[in-house]
Amino acid sequence: MKKRDKFIVFEGGEGSGKTTVARFILQTLENLGLKTLLTHEPGGTKLGTDIRKILLYGENIHPRTELLLFLADRAEHVERTIKPALAEGKIVICDRFDGSTFAYQGGARAVDFDLILVMNAFAKDNLVPDLYILFDVSPEIGLNREGKNVTRFEKEELDLHRRVRRAYLSMARNDDEHWAIVDAEQPLEDVKQKVLEIFKKRKII
Ligand code: TYD
């Protein structure tokens, strides 16, 4: 019998609606009586909350430093939050995980991909998500949807966000066993339904 998928990651560029959809999915799973955890990166732990502030609002952070901070956040998150929840049999939904590192630090900031592969494997202690859902939206649309807390990333030029999108699409298209792509330019209600369909098709619910 197929192992039940438990660790699901939501990925996407800015303003893709994934956080809103994650909350909706969590509610749906809880209504079904399933044990769940919704968490996020950066910042899914106490230490991570401090790292998040630096990453999103710090000034003049070198790309190597940036990578190390995201990975430090991940190591802490995997050990303190994700592994314990999985051990309790919870379905873990994570708003961003290592897909973001490959898209932003790899694709957009051009840090060497193979290096990220090795360092990330160390940081996450080789934990592999069962499924990544990519909320695909063009940066022109996504950035216009963003709220008022403008982070370091949202201030970046459009071209960086285009590289992020390209990297995400290339990862997802090359690995459809682990990735599903949702058109996040549709109305939010349709995106929610699409994600629910994916959960059913992949036998998560
Ligand atoms: P956040 O406000 O949580 O993004 P969103 O609401 O769009 O999910 O900000 C997280 C930012 O950090 C986002 O711009 C993507 C970036 N990021 C990376 O560059 N690398 C990473 O490994 C992670 C987890 C996030």
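Note: the structure precedes this text.
We now turn to the structure provided with this report. Numbering of residues starts from 1 in each chain and follows the order in which that chain's sequence is written. Per-residue local features are limited, in this predicted model, to residues with pLDDT of at least 70; the limit for side-chain atom pairs, both in listing and counting, is 80 or more; totals at the level of whole chains, interfaces and linings are taken over all residues. Hydrogens and water molecules were not included; the side-chain quantities draw on all heavy atoms of the structure.

**Topic: the sheet that holds strand 4 (residues 131–136)**
Basically, it comes down to this: Strands are treated as partners if at least two bridges between them are detected by DSSP. A helix here means a DSSP run of H or I that spans at least four residues, while a strand means a run of E at least two residues long, and both kinds are numbered starting from the N terminus. A fitted line through C-alpha atoms represents every axis, and for helices the fit uses only the stretch in contact; the resulting angles, taken between N-to-C directions, go from 0 to 180 degrees.
Spatial ordering of the open sheet is given by 2-3-1-4-5, a layout of five strands whose pairing is parallel. The open sheet has two free edges, formed respectively by strand 2 (36–40) and strand 5 (179–183), since each of these has just one partner strand. Between one strand axis and the next, the sheet turns by 20° as a mean value, whatever way the strands run. Two strands pair when backbone bridges link them, and strand 1 (residues 7–12) and strand 4 are joined in this way by five bridges, in the parallel orientation.

**Some thoughts on the layout of surface pockets**
The condition is simple: Cavities and pockets were defined on a 1 Å grid built from protein atoms only: a cavity is a group of points that admits a 1.4 Å probe but offers it no way out, a pocket is an open group of points flanked by protein on both sides within 12 Å along at least five of seven lines, and a lining residue is one with an atom within 4 Å of any such point. Grid points are joined across faces, edges and corners, and a volume is the space filled by probe spheres set on the points. The classification used treats Ala, Val, Leu, Ile, Met, Phe, Trp, Tyr, Cys and Pro as nonpolar, Asp, Glu, Lys and Arg as charged, and all other residues, Gly among them, as polar.
As a volume, the largest pocket reaches approximately 890 Å³. Forming the boundary of the largest pocket are 39 residues, of which Lys18, Thr19, Arg52, Arg96 and Glu146 lie nearest the centre. Elements with a contribution of two residues or more to the lining of the largest pocket: helix 1 (18–31), strand 2, helix 2 (46–57), helix 3 (63–87), helix 4 (98–108) and helix 8 (188–201). Of the residues assigned to the lining of the largest pocket, the class counts are twelve nonpolar, 15 polar and twelve charged. As for the second largest pocket, its lining consists of 15 residues, of which Asp98, Phe102, Lys124, Tyr132 and Trp179 are closest to the centre. Every element with two or more residues in the lining of the second largest pocket is listed here: helix 4 and helix 5 (113–123). Per-element accounting of the lining of the second largest pocket gives the leading share, four residues, to helix 5. Here the residues of the lining of the second largest pocket sort into nine nonpolar, three polar and three charged.

**What about the site of the ligand?**
Here is the rule we go by: We define proximity as follows: a residue is near a molecule or strand when any one of its heavy atoms falls within 4 Å of that partner. Throughout, the Shrake-Rupley method with a 1.4 Å probe supplies accessible areas, and for residues the shown protein chains are the sole cover considered. The way we define it, a molecule is inside a pocket or cavity when more than half of its atoms are within 2 Å of that pocket's grid points.
Near the ligand lie 14 residues; those nearest to it are Glu14, Lys18, Arg96, Thr101 and Gln105. Considered on its own, the ligand offers 560 Å² of accessible surface; in the complex 91% of this is hidden by protein. Here the ligand is seated within the largest pocket. Looking at the shell around the ligand element by element, the count peaks at four residues for helix 4. Per-class residue counts for the shell around the ligand are five nonpolar, three polar and six charged.

**A few points about the pairing of strand 1**
Put simply, the test is: Relative accessibility under 20% of the residue-type maximum defines a buried residue, over 50% an exposed one, and the middle range a partly exposed one, all with a 1.4 Å probe and only protein chains included.
With six of six residues buried, strand 1 is to be regarded as a mostly interior element. Judged by which residues are buried, strand 1 turns out to be covered on both faces: Phe7, Val9 and Glu11 on one side and Ile8, Phe10 and Gly12 on the other are all buried. Note: strand 1 against strand 3 (residues 91–95), four bridges, orientation parallel. Among the inter-strand pairings, Ile8 is bridged to a residue of strand 3, identified as Ile93.

**Some words on helix 8**
Convention followed: Residue count minus one, scaled by 1.5 Å, sets the expected span of a helix. Working note: the arc is built from the helix axis to C-beta atom directions. Here, residues are in contact when the closest pair of their heavy atoms is within 4.5 Å.
In a regular helix each residue adds 1.5 Å, so 14 residues correspond to 20 Å; helix 8 covers 20 Å between its end C-alpha atoms and thus fits that length. Turning to helix 8, its buried residues are Val191, Lys192, Val195, Leu196, Ile198 and Phe199. Seen along its axis, helix 8 keeps its buried residues to an arc of 155°; they face one direction. Summarising the geometry of helix 8, the exposed residues directed more than 90 degrees from the buried face are Lys200 and Lys201. Packing partners of the buried residues in helix 8 comprise strand 1, helix 1, strand 3, strand 4 and strand 5. Just past helix 8, the residue Lys203 takes up positive phi, approximately 60°.

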